[in-house]
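# Fold and contact review
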Amino acid sequence: MKKVVFRRGLALLTAVFMSFALLADPGLSITVRADEGVTLKLHYHRDDEKYDGWDVWMWPDGGEGAGIPFEDEGGEMVATYSVPAGKTKVGFIVRTQDWDKDVDMDQFIDLSEVVSGTVHAYVESGVEGAVKEYGEDVMTGTKLKNAVYDGDKTITIELTGEIDKSQIDTFYVSGRLGDIEVTKAELSEKASDTQYFYDLTIGEVLDANRNYRLGFDGQEFPVNMPIVYSTQEFEDKYTYEGDDLGATVSADKTVFRVWAPTAESVSVNLYETGDPWKKDLIETAQMNADEKGTWVCEVSKNLAGTYYTYTAVLDGLNVEACDPYARTTGVNGKRAMVIDLDSTDPDGWADDKNPHASESINDAVIYELHIRDFSVDENGNMANAGKYTAFTETGTKTAGGNPTGVDYIKSLGVTHIHLLPFYDFGSVDENDETSERFNWGYDPVNYNVPEGSYSTDAHDGNVRVKETKEMVKALHDNGLSVVMDVVYNHVYSGKDFCINRLVPGYFSRINPDGTYSNGSGCGNDTASERSMVRKYIVDSVCYWADEYHIDGFRFDLVGLLDVDTINEIVTKVHETHPDVIFYGEGWSMSSDVTRDNVVMATQQSSEKTPGFAYFNDNIRDGLKGSVFSTSEVGWASGARNAERAMTNSFLANETWSKNPSQIIQYASCHDNNTLFDRIAGSRTDLDEESWIKMSNLAASFYLTAEGVPFMQAGEEILRTKVKEDGSFDSNSYSSGDEVNCIKWENLDDDKYQKNLEYYKGLIAFRKEHSLLRLSTAEEVSSRVSAVEGLDKNVLAFVMDNSDKSLEGESAEKIFLAFNPNETETSVALPDGKWNVYVKGDKAGTEVIESVSGTVTVEPISSVVLVKGGTGGAGGSKKAVVPIIAGVACVLAVAGALLLKNRKKK
């Protein structure tokens, strides 16, 4: 039987030709490629005809989503989507770029009977559902949904309906080297009254490294091959342990090594520039197969500054990809660049150090900041707005003379700057200088390359590296450690990620039916349990710590990675950088791991990752209400009966961990609403003064709690994110500068200055007292206790250093009371005289007043009192050494002066 294959794009002409062809030759089989056969056109109508900023997010059932723009087709706004093979429904959300939804729900269009052709779906703004119409080219019938090969001689297929015996004989399997006979087809044991599965027996075993297609009744569908990557046999054969992957350059040669074990051949392409649209290939050099699935090519020349890619031949197809181990790239990360890293080091780089080395993670006060937010507001008066180099500017001020930029952060008193992603990400076009280029960046493309949009020249691979180092050194010079936000749990595009191109599907968790596991909600999950994925992640974190002097790593959705990978990261980094801190989002998420007995790095597994801390959503939601229900209030904003839960959170005594070194205490971060917005949005019955009091009560609680305090940048100056319609933006990942930037002009307003001083005081008090920075559960249990017999909702704690054995703490006791009620309360104090350091809207290391017997706590506020001593040692526990040294020095000078006076007499 002859086969004719048509491809999408000539649908109507194809239908006409098919009619004539079948009349001329009834024995001719007309085949439409199933993976190219169905086109969905979504027509969107708004009564106001305002379409700017709107698109439609579309995804195949169980697959990755993408934003599809509307285009004007004859006066109608139409989004065109090519439906992947075998998909029987497509989901859609009409939305703005900041995810305002036209209809607030996931909606679906049924395509179960459509074999090929164009389907039109008409959507009216504000109306649920879509009106579906078939184009003239649509072919309907029983449709192939899936085909899964078992690794032996059986392919199990799923159809959308039942077939008769005459159709069974039409099955065939084709590959690059020819067709494979289908010897038998029968109903599968998996079949039911509503699910149509058939088992096809084939004449030979298929090659797991090749691609095959299943043909049936005019359709072809890719066969999902068994994934052998997680088998012990594959791991033993192809796990490479060397440290030379990527391009290694020296004075007289450059060596390229890439891991591509399933490739038939690999070559390296050398280019003049990193601009992927330019046809400036210098030469292509063949690589030689080497150990453990790697390929090597040595060029007898120093190629620093030369751009390159790899081309792998996979099942006869040429696939070009960037180097997974690229150290830098050209614009938009398409071409890697050979780089002499030493040449990018700023002056003094060899002596650059973590300013908080040797300190405990509990001594940290972490400040979360987006690089562009920091400097893009013109009122901050930073010349390098939105760039790495803005962090090198000092002396910048507002119109009113208040410090901005690095000077501002330094004066705040925080210890660590947590920077949102600055590896190379995919959501910003580095080549587009004409539009506002904003995104949080949680969509990795090249993990070991700095993002180009934050550099002054994204086209020169040297610049982004040099300027990132300058940023880090400038922060270190100002006493600020640097935490890098890393996103190893998913990539920007599963199918386009460089490792998945060179070794198809290796980096991601892919189900037997060919769909990507999607626990991340971003279309794919990383298969960290595979040896070369684990090596890649470990190598990457070590590289940032070594080359860029990064002092900490925050892991996005770390609950999708396994504990063995996390522990190996911590161990390897701490071998050379013992002061680096690690923390992340340990939420429990569903992901289809590729082997048995894999334990994920979630909160519940915290005991299995002792060197890694996790965000505490209990204190976050307990203070202000659940992030999933913006109308819900928290303890600080008026919730009742929350005393027990909030007490446990303050003591770092959660069900999932009782180790304060593993608990990140916070009230807000970049996700969801800001602290001020969240409280204001849930307490619309109150005024701004009350919202501010509630925000500051929440701050005083988590900044004095045991554990590791963390805050979103701008929280201290009542940061708010307001959309054009006046509502609060709860997901501003792409909302632009106006919504997201730090509003530096607010510093010239007394209201914000007053709030800033309160935060400064809380931070200074925390750094002054090591009783607030206990590092073990045993210390907390023995030194901190909750006070009983208080008014409803009121909380109070006593911290005890009566034995004066706690290093760096001169206070005998600290007493803390928190009143969320709208009426004042009186709290009995332990015996003795107590100095008040935090009261109402004032906080710091200076005594406000002294009291004994009882203390009055104003409505929606806190008080913190100290008994004995003159305050803590200041800073971290190690600060006691210079203090003792200073005292010794003073005594020595005094002694010398006394001796001199005696001689005069």
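Anyway, here's the lowdown on the structure attached to this text. (Residues numbered from 1 in each chain as written. Predicted model: local features only at pLDDT ≥ 70, side-chain atom pairs only at ≥ 80, totals over all residues. Heavy atoms only, no water.)

With that settled, consider the packing of aromatic side chains. Using the criterion set out here, one finds 51 aromatic pairs in the structure. Between Tyr 44 and Trp 54, the aromatic rings sit 6.3 Å apart at their centres with planes inclined by 45 degrees, giving tilted as the arrangement. With Tyr 44 in strand 3 (residues 38-45) and Trp 54 in strand 4 (residues 54-60), this pair connects stretches of sequence that are ten residues apart. Neither residue differs from the other here; Tyr 44 and Trp 54 are each classed as buried. Seen in terms of ring centroids, Phe 553 and Phe 582 are 5.9 Å apart; in terms of plane orientation they differ by 15 degrees. Their pairing is stacked. With Phe 553 in strand 35 (residues 552-555) and Phe 582 in strand 36 (residues 581-584), this residue pair connects regions lying 29 residues apart in the sequence. When its relative accessible area of 0% is taken as the criterion, Phe 553 is described as buried. Grouping aromatic residues by their ring pairs yields a cluster made of Tyr 325, Tyr 423, Tyr 447, Tyr 488, Phe 497, Phe 507, Tyr 536, Phe 555, Phe 612, Tyr 614 and Trp 656. Cation over ring: Arg 95 sits above Trp 99, and NZ or CZ is 4.7 Å from the ring centre. (Phe/Tyr/Trp six-rings, centres within 6.5 Å; stacked < 30°, edge-to-face > 60°. Helix = DSSP H or I, 4+ residues; strand = E, 2+ residues; numbered from the N terminus. Buried < 20%, exposed > 50% of the residue type's maximum accessible area, 1.4 Å probe, protein only. Lys NZ or Arg CZ within 6 Å of the ring centre and 35° of its normal.)

Spatial strand order, 21-22-26-25: four strands in an open sheet with antiparallel pairing. Each having just a single partner strand, strand 21 (246-249) and strand 25 (288-289) make up the two edges of the open sheet. As paired strands, strand 21 and strand 22 (residues 254-259) are joined by four bridges and run antiparallel to one another. Following the sheet pairing, Val 249 is matched in strand 22 by Thr 254. (Pairing = 2+ DSSP bridges.)

Attention now goes to empty space enclosed by the protein. Evaluated as defined, the whole model comprises six cavities of 30 Å³ or more. One number sums up the size of the largest cavity: a volume of about 120 Å³. Contributing to the lining of the largest cavity are 14 residues, with Trp 259, Pro 324, Tyr 325, Ile 499 and Tyr 536 lying nearest its centre. Only strand 22, helix 7 (498-502) and helix 8 (531-548) provide two or more residues apiece to the lining of the largest cavity. The dominant element in the lining of the largest cavity, judged by the number of residues it contributes, is strand 22, at three residues. Across the lining of the largest cavity, the residue classes tally to eleven nonpolar, one polar and two charged. (1 Å grid on protein atoms, 1.4 Å probe; cavity = no way out; pocket = protein on both sides within 12 Å on 5 of 7 lines; lining within 4 Å. Points joined across faces, edges and corners; volume = space filled by probe spheres on them. Nonpolar A, V, L, I, M, F, W, Y, C, P; charged D, E, K, R; others polar.)

Now for the sheet that holds strand 17 (residues 182-187). On the basis of which strands lie adjacent, the open sheet formed by four strands has the order 13-14-18-17 and antiparallel pairing. A strand with exactly one partner marks an edge of an open sheet, and here the two such strands are strand 13 (144-149) and strand 17. Strand-to-strand twist in this sheet, taken as the mean axis angle between neighbours without regard to direction, amounts to 20 degrees. Two elements, strand 17 and strand 18 (residues 196-202), share five bridges in a ladder whose sense is antiparallel. When the bridges of strand 18 are listed, Glu 186 appears paired with Asp 199. (Axes fitted to C-alpha atoms, helices over the stretch in contact; angles between N-to-C directions.)

Further remarks concern the nonpolar core. Residues Phe 553 and Phe 555 are the most contacted members of the largest nonpolar core, which totals 167 residues. Counting residues per element, this core draws most heavily on helix 8, which supplies eleven residues. Excluding residues that lie within four positions of it along the chain, Phe 553 makes contacts with Val 483, Met 484, Val 486, Val 541, Trp 544, Ala 545, Val 580, Ile 581, Phe 582 and Tyr 583. (Core = buried A, V, L, I, M, F, W, Y, C linked by side-chain atoms within 4.5 Å. Contact = heavy atoms within 4.5 Å.)

The sheet contact formed by strand 3 and strand 7 (residues 76-83) spans seven bridges and is antiparallel. From the neighbouring strand, Lys 41 faces strand 7, where its bridge partner is Thr 80. Across three bridges, strand 6 (residues 71-73) lies against strand 7 in antiparallel orientation. Its bridge partner being in strand 7, Glu 73 is matched across the sheet by Glu 76.

This part is about the side chain of His 418. Structurally, His 418 can be placed in strand 31 (residues 416-419). The exposure class of His 418 is buried, given its relative accessible area of 0%. For His 418, the contacting residues outside a window of four places in its chain are Ile 366, Tyr 367, Glu 368, Leu 369, Val 483, Asp 485, Arg 554, Tyr 583 and Phe 710.

A few words on the environment of Val 414. Considering the arrangement of structural elements, one finds Val 414 in the loop between helix 5 (405-412) and strand 31. Its relative accessible area of 4% is what places Val 414 among the buried residues. In this structure, the C-alpha to C-alpha distance between Val 414 and Phe 710, residues 296 residues apart in sequence, is 9.4 Å. With residues near it in sequence (within four places) discarded, Val 414 still touches Val 365, Tyr 367, Ile 409, Leu 480, Met 711 and Ile 763.

Relative to the 24 Å expected for 17 residues at 1.5 Å per residue, helix 6 (residues 461-477) spans 25 Å between its end C-alpha atoms, a close match to the ideal helical length. Taking burial as the measure, the 17 residues of helix 6 include 14 buried ones, the bulk of the element. A side-chain oxygen of the first residue of helix 6 lies 2.9 Å from the backbone nitrogen of Asn 462; this N-cap is Asp 460. Downstream of helix 6 by a residue or two, Gly 479 has a phi angle that is positive, lying close to 80 degrees. (Expected span 1.5 Å × (residues − 1). Polar contact = N/O pair within 3.5 Å; in protein donor to acceptor, adjacent residues only side chain to side chain.)

Reported here for the second largest pocket is a volume of approximately 860 Å³. Contributing to the lining of the second largest pocket are 37 residues, with Gly 242, Asp 243, Tyr 325, Lys 535 and Asp 539 lying nearest its centre. When residues of the lining of the second largest pocket are traced back to their parent elements, those giving at least two are strand 21, helix 8 and helix 9 (563-576). Take the lining of the second largest pocket: its biggest share by element is ten residues, from helix 8. Across the lining of the second largest pocket, the residue classes tally to 14 nonpolar, six polar and 17 charged.

Another point: a negative patch on the surface. Negative charge collects at one region of the surface, where Glu 378, Glu 436, Glu 724, Asp 725, Glu 738, Glu 745, Asp 748, Asp 749 and Asp 750 lie side by side. Here Glu 436 shows up in the loop between strand 32 (423-425) and strand 33 (444-450). (Patch = residues over 30% accessible without salt bridge, like charges linked within 9 Å, V, L, I, M, F, W, Y side chains within 5 Å. Areas by Shrake-Rupley, 256 points an atom, 1.4 Å probe, with all protein chains shown as cover. Salt bridge = Lys/Arg side-chain N within 4 Å of Asp/Glu carboxyl O. Lys, Arg positive; Asp, Glu negative; His and termini not counted. Charge placed at Lys NZ, Arg CZ, Asp CG, Glu CD.)

Another aspect to go through is the environment of Ala 321. Inspection of the secondary structure puts Ala 321 in strand 28 (residues 317-321). For the pair formed by Ala 321 and Ala 336, sequence separation is 15 residues and the distance between their alpha carbons is 9.3 Å.

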